[in-house]
Amino acid sequence: MCRVTLLFFFPLFFPSFLYAQAVFQPASSKAPRESLLLKKMDARLEKDLERLPKKNKEAYTKIYTERTGDQKLHLTEGHFLFDTTWNNWFDGILQEIWKGNPALPKAEITLFLARYPEPNAMCLGEGSLVFNLGLLASLESESQVAFVLCHEIAHYVQNHVNHAIDDYVEALYGEETQQRLKEISQSEFGKTGKALALMKGFTYGNRRHSRYKESEADSLAVVYLSRTRYKPAAALEALAILDRTDSVAWREVPYKTLFDAPQYPFQPAWLQQKKNSLSAPAGGFKESAWSNDSLKTHPDCRKRIAQVGRQLPNLPAAGSGDFLQTPAAFANLRKWSAFEIVEGLYDFENYGYCLFRTLQLLQEYPDDAYLNAMVVKCLYHCRDYQQNHELRRVLDLPDPANDAEYNRFLGLMNQLRLRDLAQIGYYYCENRREKYQANEDFLFAAALASYMNDLTPEFQQRRREYIRQFPGGRFALFLKQLN
């Protein structure tokens, strides 16, 4: 299934962290000129609202205002990276695109790098482009990233998102739909099912419309790319990769090897799935239960590849480069993107999925101090939510729609009791503490391991040690608030 969804985002800003170093430190998610970005978003919204048609203006205003409000919230809540190394690299690609296509409205466009795991990119329609770090890990060259950015820019230039809003509002508030809704409201039976069926029709129509726009954006993106020093054939490569993103299989995690300790042996029964343990879909229509083909945001990538393949021979001579910046820089960013995704999941309090992604990364980097600390941190928070009877807020239930290995993880986590989580976390930490005792994240994790096992004197000693080594550290305030 092809994943690049194009929705809505500004020029890039850059603080500083060199990812070439071996020890991971999270990049900043605080915009250095946040107030200017917020003002730019408000100014664009005001301009867009002035242009709205009088008919159904209230509905349009609500959609446009919510779109801007959501983006402002994501900006202020740390969803995006603002780091010199990251942003300079992406800005280098944008500058090449602008140079080859001087007519593009570059002053209107802002690119945001999102700490989201989904392999996706979006054009929001008001000048914002969002590039998920989960997509970077899937791509193989700088030229492929350039194609994705050209694709999103094409959506903005063609105003696809706002046209889709027009279609939605006109369909929803058209006479035919309003009459049908009136009839449903007067029905004696099955109101909910009929209303959902009607909305399903809207979804199908909306997706079919977007398929045409995806093809149009592909075509225009290839033209933009052909005017740069990047090779246009990167479009074919990127689309082929996107076609495979839904079939990626997770590694099998060796839970017994990781979590077994003489003081608290791992129980094989924890990995035994209970019968009927998979959660059933909710009643009524659910997107995952509808036709996958009809609900694809994009057309089949094989069809898009064929279309682009027919277009390429008709383009003038173009560039042939996979990289204009060093391949090593791309390799570093790809590696650290997986770490930044984990950090984002932790910051967003998605502790269950954060732990799963951490355990996956540990299969590749078993000696990484940050990842080993993250295991303990996630176990602590899952236990904390379980103790407050709110585990569902941070940990999913197994579901038939999930990958099998993720369900295996969820089956394990949903069987563990408070004491299990506390003891597993503590001995996981103790077996590695000497090795990582100089690492800030692991020192914090060691304090949490003591705290969740009610080892008060030990916790106080570890808290003092953390604050001594890192008086202005990222976790100092959190530890000071634990009693």
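Described below are features of the structure shown in this document. (Residues numbered from 1 in each chain as written. Predicted model: local features only at pLDDT ≥ 70, side-chain atom pairs only at ≥ 80, totals over all residues. Heavy atoms only, no water.)

### Regarding the pattern of salt bridges
Then, in step 1: Using the criterion set out here, one finds 23 salt bridges in the structure.
Then, in step 2: Here Glu 214 and Arg 304 are joined by a salt bridge, their closest N and O atoms 4.0 Å apart. You can see Glu 214 sitting in helix α8 (residues 191-226) and its partner Arg 304 sitting in helix α12 (residues 301-311), a full 90 residues away along the chain. Across the pair, Arg 304 and Glu 214 agree in class, each one buried.
Then, in step 3: Here Asp 322 and Lys 231 are joined by a salt bridge, their closest N and O atoms 3.2 Å apart. Of this pair, Asp 322 sits in the loop between α12 and α13 (327-347) while Lys 231 is found in the loop between α8 and α9 (234-242), placing the two residues 91 residues apart along the sequence.
Then, in step 4: One connected set of salt bridges, linked through shared partners, spans Glu 343, Lys 377, Asp 441 and Arg 474. (Salt bridge = Lys/Arg side-chain N within 4 Å of Asp/Glu carboxyl O. Helix = DSSP H or I, 4+ residues; strand = E, 2+ residues; numbered from the N terminus. Buried < 20%, exposed > 50% of the residue type's maximum accessible area, 1.4 Å probe, protein only.)

### Description of the sheet that holds strand β4 (residues 128-132)
Then, in step 1: Read from one edge to the other, the open sheet built from four strands follows the order β1-β2-β4-β3, with strand pairing classed as mixed. Looking along the sheet, the strands with just one partner apiece sit at the ends: β1 (80-81) and β3 (121-123).
Then, in step 2: Summarising the sheet, strand β2 (residues 110-114) and β4 pair through five bridges and their orientation is parallel. Across the sheet, Leu 113 pairs through a bridge with Phe 131, a residue of β4. (Pairing = 2+ DSSP bridges.)

### Things to note about the pairing of β4
Then, in step 1: For β4, the buried fraction is high: five of the five residues fall into the buried class.
Then, in step 2: On β4, burial covers both faces: Ser 128, Val 130 and Asn 132 on one face and Leu 129 and Phe 131 on the other are all buried.
Then, in step 3: Strand direction decides the pairing type here: β3 and β4, joined by three bridges, are antiparallel. If you follow Ala 121 over to β4, its bridge partner there is Phe 131.
Then, in step 4: Here β3 folds back onto β4, and the loop between the two strands holds four residues, one of which, Gly 125, carries a positive phi near 100°.

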